[in-house]
Amino acid sequence: MARSVFFLVFLLNCSISHQGFGQSNSRSSLSEMALSIIDPTIIYDPTYFSIPYPNGDVPLGRGVCTDVIIRAFRKLDLDLQQIVHEDMQTNFNLYPNNWGLRITDTNIDHRRVPNLMTFFTRNGEEKPITMDAQDYQPGDIVCWDLGGGITHIGIMVNKRSSDGKRFMVVHNIGRGQVLEDILFLYRIIGHYTYPK
């Protein structure tokens, strides 16, 4: 009897540990996927492209900041093109109307930072915006205001800055898909985890 109770407690503890591991594991996996797509030869190209749906991508060797997010999640079998499109179809009025669109567009909707911010707010976990580097962990998604109405997005990864005080970011701001210490370089306007 005691042996059976011990075994049940052991199984319960393993189950609880596994659940906790799964949540943090998805964030560490996103961090790993972001690191795996670092490529400084990617040309920053904001051109509107007609791309297949689902699982469409802009031409190889090209992209913008949102394409870093899309490509990292796609390596985890999460197609933001399709997921964002489906959410926008049923909740179009909740998304920004910055571009005067009246219907969704599977070529570009998921490639716009304000749309991703809305999607992550609605479907992920919105996290506090602070000036404490410890609040930004690998796998977190961060958005910035670059000024002049320009927004930016990147993924926190499990590589620390040279002074060891911050995790670094994989992003594309015009120098390819790169790893840089930019967390507090611009004004942070969004901080998310997805999936929750």
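Bear in mind the structure is a predicted one, so any value in this text is a computation, not a measurement.

Engineer: Sorry if this is basic, but what is going on with unusual backbone geometry here?
Structural biologist: Keep in mind that most residues, glycine aside, have a negative phi and that most peptide bonds are trans. A cis amide bond links Tyr-53 to the next residue, Pro-54, at an omega of -10°. Across the junction of Tyr-194 and Pro-195, the peptide omega takes the value -10°, indicating a cis bond. Here Pro-195 lies in the segment after strand 8 (187-193). A positive phi angle is found at Asn-55, which is not glycine, with a value near 60°. The phi torsion at Asp-77 lies on the positive side, around 65°, for a residue other than glycine. Following the sequence through the fold, Asp-77 ends up in the loop between helix 2 (65-74) and helix 3 (80-90).

Engineer: Just checking my understanding: could you explain the nonpolar core for this structure?
Structural biologist: Nonpolar side chains tend to gather and get buried jointly when the protein is soluble and globular. Membership of the largest hydrophobic core comes to 27 residues, with the highest contact counts inside it found for Phe-73, Leu-80, Phe-120, Ile-141 and Ile-153. The set of elements that each furnish at least two residues to this core consists of helix 1 (2-36), helix 2, helix 3, helix 4 (113-123), strand 4 (141-147) and strand 5 (150-160). Here this core gets six residues from one element, more than from any other, and that element is helix 2. Once residues lying within four places of it in the same chain are set aside, the contact partners of Phe-73 are Leu-30, Leu-78, Leu-80, Phe-120, Ile-141, Tyr-194 and Pro-195. Within the second largest apolar cluster, nine residues are counted, among which are Tyr-136, Val-169, Leu-183 and Ile-188.

Engineer: Could you clarify how one ought to interpret the environment of Pro-54 in this entry?
Structural biologist: Relative to the helices and strands, Pro-54 is located in the loop between strand 1 (43-44) and strand 2 (62-63). For the pair Pro-54 and Gln-82, spaced 28 residues apart in sequence, the C-alpha to C-alpha distance is 5.6 Å. In this structure, Pro-54 is in contact with Asp-79, Gln-81 and Gln-82, ignoring residues within four places of it in sequence.

Engineer: Just checking my understanding: could you explain the packing of aromatic side chains for this structure?
Structural biologist: To describe a pair of aromatic rings, you give the distance between the ring centres and the angle between the ring planes. Throughout the structure, instances matching the rule amount to seven aromatic pairs. Seen in terms of ring centroids, Phe-73 and Tyr-194 are 5.7 Å apart; in terms of plane orientation they differ by 70°. Their pairing is edge-to-face. Residue Phe-73 is found in helix 2, and its partner Tyr-194 is found in the segment after strand 8; the two are separated by 121 residues along the sequence. By relative accessible area, which is 1% here, Phe-73 ends up buried. Look at Phe-120 and Tyr-194: their rings are 5.6 Å apart centre to centre, the planes differ by 50°, and that puts the pair in the tilted class.

Engineer: Would you mind going over the sheet that holds strand 8 with me for this structure?
Structural biologist: With respect to topology, six strands assemble into an open sheet ordered 3-8-4-5-6-7, the strand pairing being antiparallel. In the strand order of this sheet, the two ends are held by strand 3 (125-126) and strand 7 (178-180), each with one partner. Where strand 4 meets strand 8, five bridges bridge the pair, whose relative direction is antiparallel. The partner of Asp-145 across the bridge, within strand 8, is Arg-187. Running at roughly 60° to strand 5, helix 4 makes contact with strand 3, strand 4, strand 5 and strand 8 of the sheet.

Engineer: Sorry if this is basic, but what is going on with helix 4 here?
Structural biologist: Think of an α-helix as 3.6 residues a turn; residues three or four steps apart then line up on the same face. Within helix 4, eight of the eleven residues are buried, which leaves the element mostly enclosed by the surrounding structure. All of the buried residues in helix 4 are Val-113, Pro-114, Asn-115, Leu-116, Met-117, Thr-118, Phe-119 and Phe-120. Structurally, helix 4 contributes buried residues whose contacts are with helix 2, helix 3, strand 3, strand 4, strand 5 and strand 8.

Reading guide: rules and limits
- Residues numbered from 1 in each chain as written.
- Predicted model: local features only at pLDDT ≥ 70, side-chain atom pairs only at ≥ 80, totals over all residues.
- Heavy atoms only, no water.
- Helix = DSSP H or I, 4+ residues; strand = E, 2+ residues; numbered from the N terminus.
- Core = buried A, V, L, I, M, F, W, Y, C linked by side-chain atoms within 4.5 Å.
- Buried < 20%, exposed > 50% of the residue type's maximum accessible area, 1.4 Å probe, protein only.
- Contact = heavy atoms within 4.5 Å.
- Phe/Tyr/Trp six-rings, centres within 6.5 Å; stacked < 30°, edge-to-face > 60°.
- Pairing = 2+ DSSP bridges.
- Axes fitted to C-alpha atoms, helices over the stretch in contact; angles between N-to-C directions.

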